[in-house]
Protein chains: 2
Amino acid sequence: MNDRPAVQTERTTAYRYPERVTYDRADAYAILDEALHVHVGFATEEGPFVIPSLHAREGDRLILHGSAHGRFVKTVSSGAPVCVTATIIDGLILGRAASHHSAAYRSVMVFGTATPVEDAAERAEALARVVENVVPGRLSGANAARRPSVEEAEYTAIMTMPISEFSIKVRAGFARDEPKDDEVAAWAGTIPLTTTPGAAVPDAITGTRFSAPAYDPTIHRFRQD
Amino acid sequence: MNDRPAVQTERTTAYRYPERVTYDRADAYAILDEALHVHVGFATEEGPFVIPSLHAREGDRLILHGSAHGRFVKTVSSGAPVCVTATIIDGLILGRAASHHSAAYRSVMVFGTATPVEDAAERAEALARVVENVVPGRLSGANAARRPSVEEAEYTAIMTMPISEFSIKVRAGFARDEPKDDEVAAWAGTIPLTTTPGAAVPDAITGTRFSAPAYDPTIHRFRQD
């Protein structure tokens, strides 16, 4: 991991509220790592597509995946530009004025092009990283799931994307209400939202033989010991 | 609200796993209404952009907003195609094989073009709908927040988009592990994830004078009484 801030370009420059946009690499990585998933954007002749997807970060690049014959892979393999956005909703920001309401959130947009990983064994490793990003420890230890085989990696395309051109947008704290609204008789403040796990449901074969991964709120992930 | 399924087009047709894609309007609306936010995709000459945003549904159209001089509004006002994706993460699906891991999720992609609302009073009403979609009851009753003014609506662009070309993708249940993996010594099953509210934090002016909106899990929203 390098410590360079984002390469700032036209597309990472905000037209409005530039003070809410930052370019620090460690901040971007913290959001990309905490986010459970991303939304991947690309455009074909028919227009833009925005697809939710699991991801992983490996050093200074993103790992994306898709079906080998899918639209995403077909489109971006030829060098079409990609935008990957990770968004974490932290809550709601309620003002006394409707127009000052907002979500509390942290988001990163990464721009660039994605390169297919040609080697099937490397693809299998990259797939393993995506699983490990969702459930750390899932593919190691006594109760590891089976790692991806090279055969399975034939059906999955893996694309990597350098994290160099990106922007971060964060909204937190209270609404910026105007003094003229001080007397509005409305509750104003912030309400945190968090993601919490429900009770894990084992499938029929697993039954009670093994322990489910346990949620570790410090990493926002289930960890398999 | 009409009851027609989606207009199926090339861009709403899945290349892979077509059995996971559906086109029922009521299903799409349920997801668009439950999702707290969407990701809006559009493309300029520089490539695609994917932006998180609050939204509302009004009958058979989506209400989107942006700053009047922002990139989104500038781009799509001229008729450039838009893709709006709403994604609700319901949990994790863990298989005995790494390659059968997935998120449990429900998502809708809506394709089309967006039309700017020219009238400022109508824009103010549309903004109010977006706030009411996030916190029902917020702009009515004794403790209502101040509704958007026409002046405030000058700074905000509102775009509406018909919900006619859309596709739904849902993943739920257990992983589709293969019989050959039955003996893998890994826990397999599903783990639900839900969004839960933390303790509301009033701002300095509000203090304890008013009650914060209360979370109503049946509508996945905070309701202001």
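Residues numbered from 1 in each chain as written. Chains lettered and ligands numbered in written order. Predicted model: local features only at pLDDT ≥ 70, side-chain atom pairs only at ≥ 80, totals over all residues.

### Notes on the overall build of chain A
So, step 1. Along the backbone of chain A there are four helices and 14 strands.
So, step 2. Seen through its principal axes, chain A has C-alpha atoms that stretch 65 × 45 × 35 Å.
So, step 3. Considering chain A as a whole, with its 225 residues, one finds that 42% of them fall into the buried category. (Helix = DSSP H or I, 4+ residues; strand = E, 2+ residues; numbered from the N terminus. Buried ≥ 20, exposed ≤ 12 C-beta atoms within 10 Å, placed from the backbone.)

### As for the interface of chain A and chain B
So, step 1. On the chain B side, the residues contacting the 82 residues of chain A number 83 residues.
So, step 2. Elements represented by at least two residues in the side of chain A that touches chain B include exactly β2 (38–44), β3 (47–53), β6 (82–94), β7 (102–112), α3 (120–134), β11 (189–197) and β12 (201–202) of chain A.
So, step 3. Of all the elements, β11(A) adds the most residues to the side of chain A that touches chain B, at nine residues.
So, step 4. Of the residues that constitute the side of chain A that touches chain B, the class distribution is 48 nonpolar, 22 polar and 12 charged. (Contact = placed C-beta atoms within 7 Å. Nonpolar A, V, L, I, M, F, W, Y, C, P; charged D, E, K, R; others polar.)

### Side note on the sheet that holds strand β5 (residues 61–67) of chain A
All names here are of chain A.
So, step 1. Sheet architecture is open: four strands sit in the order β4-β5-β9-β8, paired in antiparallel fashion. Edge strands, defined here as strands with exactly one partner in the open sheet, are β4 (56–58) and β8 (115–116).
So, step 2. Looking at chain direction, β8 and strand β9 (residues 156–162) are connected through two bridges and run antiparallel. Paired with Thr-115 across the strands is Thr-160, a residue of β9. (Pairing = 2+ DSSP bridges.)

### Brief notes about the relation of the copies chain A and chain B
The operation relating the two chain copies consists of a rotation about an axis and a shift along that axis.
So, step 1. You can overlay chain A on chain B at an RMSD of 0.0 Å; the transform is a turn of 180° with a shift of 0.0 Å along its axis. As the rotation angle and translation indicate, the two copies are arranged about a two-fold axis. The position closest to the rotation axis in chain A is occupied by the C-alpha of Thr195(A), lying 2.2 Å away.
So, step 2. With an isologous cut-off of 70% or more, the 100% of interface residues of chain A that recur at the interface of chain B puts this contact in the isologous class. (Least-squares fit on C-alpha atoms with pLDDT ≥ 70 in both.)

### A word on the environment of Arg20(B)
Residues and elements named next belong to chain B.
So, step 1. Along the chain, the position of Arg-20 falls in the segment before β1 (21–22).
So, step 2. Sequence separation between Arg-20 and Ile-168 is 148 residues, and the spatial gap between their C-alpha atoms is 8.1 Å.
So, step 3. Residues within four places of Arg-20 in sequence aside, it is in contact with Lys-169, Val-170 and Arg-171.

### Thoughts on unusual backbone geometry
So, step 1. Despite not being glycine, His220(A) shows a phi value in the positive range, around 60°.
So, step 2. For His220(A), the position within the fold is in the loop between β13 (214–216) and β14 (221–223).

### Observations concerning the pairing of β9(A)
Residue and element names in this part refer to chain A.
So, step 1. The element β9 is largely enclosed, with a buried count of five among its seven residues.
So, step 2. Sheet analysis places β5 next to β9, joined by seven bridges and oriented antiparallel. What sits directly across from Leu-64, in β9, is Met-159.

### Remarks on the sheet that holds strand β5 (residues 61–67) of chain B
Strand pairing in a sheet takes place through backbone hydrogen bonds and is either antiparallel or parallel in direction.
Residues and elements named next belong to chain B.
So, step 1. In spatial order, the strands read β4-β5-β9-β8; together these four strands make up an open sheet with antiparallel pairing. Only two strands of the sheet have a single neighbouring strand rather than two, namely β4 (56–58) and β8 (115–116).
So, step 2. Both β4 and β5 contribute to a ladder of three bridges, which runs antiparallel. Residue Ala-56 lies in a different strand from β5, and its bridge partner there is Ile-63.

### A short note on the environment of Leu54(A)
All names here are of chain A.
So, step 1. Tracing the sequence through the fold places Leu-54 in the loop between β3 and β4.
So, step 2. Take Leu-54: there are 19 C-beta atoms within 10 Å of it, and that puts it in the partly exposed class.
So, step 3. In sequence terms Leu-54 and His-39 are 15 residues apart; their C-alpha atoms lie 8.6 Å from each other.

### Focus on helix α3 (residues 120–134) of chain B
So, step 1. With 15 residues, α3(B) should cover 21 Å at 1.5 Å per step; its first-to-last C-alpha distance of 22 Å lies within 8% of that length.
So, step 2. Residues of α3(B) that are buried include every one of Arg123(B), Ala124(B), Ala126(B), Leu127(B), Ala128(B), Val130(B), Val131(B), Asn133(B) and Val134(B), and no others.
So, step 3. Looking at the packing, one finds that the buried side of α3(B) touches β6 of chain A together with β4, β5, α4 (150–154) and β9 (156–162) of chain B. (Expected span 1.5 Å × (residues − 1).)

### Here's the deal with the pairing of strand β11 (residues 189–197) of chain B
So, step 1. Bridging between β11(A) and β11(B) involves five bridges; their strand directions are antiparallel. Bridged to Thr195(A) within β11(B) is Thr195(B).
So, step 2. Relative to β11(B), β12(A) runs antiparallel, the two being bridged by two bridges. Counted as the bridge partner of Val201(A) is Thr190(B) from β11(B).
So, step 3. With four bridges joining them, strand β6 (residues 82–94) of chain B and β11(B) adopt antiparallel strand pairing. Paired with Leu92(B) across the bridge in β11(B) is Ile191(B).

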